[in-house]
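Structural description and commentary
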Amino acid sequence: ANVVCPRPESAGAVGTAYVDVAEDEHAGRATCMLSYTWQYEVHMIVDALKAYCRRSGLSEDAVRVWICALCVNQWRGKKALARG
């Protein structure tokens, strides 16, 4: 979709990351980052994040995860690489 990115640093550029347009009442500033590969199934990621919370003594409700595949604008990144 041709959605204008709401981030000020993008100056109204067309194209946005999922995180910029998803309506989620539980969204907030990330407390950890998850580097993702497409080989993992969703249940594997959920299980790993639950285990992380248990090991770290954190409430699942208090943890906000930055998942690179959902938070990085992949199209804009490719364009930047092409420009050098």
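In this report, we go over the structure that sits alongside the text. All residue numbers here refer to positions counted from 1 along the written sequence of the relevant chain. The predicted origin of the model limits local features to residues at a pLDDT of at least 70 and limits the giving and counting of side-chain atom pairs to 80 or more, whereas totals for whole chains, interfaces and linings rest on all residues. Only heavy atoms go into the side-chain values, all of them from the structure, while hydrogens and water stay out.

**A closer look at the overall build of the chain**
Secondary structure elements follow DSSP: runs of H or I of four or more residues count as helices, runs of E of two or more count as strands, with numbering from the N terminus. A count of helical and extended segments in the chain gives four helices and two strands. Only protein chains enter the accessibility calculation, which uses a 1.4 Å probe. A residue is then buried if its area is under 20% of the maximum for its type, exposed if over 50%, and partly exposed in between. Here the chain holds 84 residues, and the buried ones make up 15% of them. Note on contacts: a residue pair is in contact if any heavy atoms of the two residues lie within 4.5 Å. Within the chain, residue pairs in contact and separated by at least 24 positions form 56% of the contacts whose partners lie at least 6 positions apart. The protein chains shown are the only cover counted for residues, whose accessible areas, like all others here, come from Shrake-Rupley with a 1.4 Å probe. Surface summary for the chain: the accessible area is close to 6800 Å², and the carbon and sulfur share equals 56%.

**Quick word on the state of the cysteines**
In what follows, a disulfide is any cysteine sulfur pair within 2.5 Å. Summed over all chains, the structure comprises zero disulfides. Here Cys-32 is not cross-linked by a disulfide; its sulfur's nearest cysteine counterpart is in Cys-53, at 7.2 Å. Take Cys-32: its relative accessible area is 19%, and that puts it in the buried class. Its relative accessible area of 6% is what places Cys-53 among the buried residues.

**Section: the environment of Ile-67**
Mapping Ile-67 onto the fold places it in strand β2 (residues 65-67). Judged by relative accessible area, Ile-67 falls into the buried class, the value being 18%. C-alpha of Ile-67 to C-alpha of Tyr-36: the two residues are 31 residues apart in sequence and 6.6 Å apart in space. Apart from the residues lying within four places of it in its own chain, the contact partners of Ile-67 are Leu-34 and Tyr-36.

**Here we look at helix α2 (residues 42-56)**
Compared with the 21 Å implied by 1.5 Å per residue over 15 residues, the 21 Å span of α2 between its first and last C-alpha is a close match. If you check which residues of α2 are buried, you get Ile-45, Ala-51 and Cys-53. Residues of α2 that are buried make contact with β1 (32-34). Positive phi shows up at Gly-57, right after α2, with a value of about 70 degrees. Here a helix's expected span is defined as the number of its residues, less one, multiplied by 1.5 Å.

**Description of the environment of Val-63**
Locating Val-63 in the fold gives a position in the loop between α2 and β2. Taking relative accessible area as the criterion, Val-63 reaches 13% and is therefore assigned buried. Taking the C-alpha atoms as reference points, Val-63 and His-26, 37 residues apart in sequence, are found 9.8 Å from one another. Among all residues touching Val-63, those that are not within four sequence positions of it are Thr-31, Cys-32, Tyr-52, Cys-53 and Leu-58.

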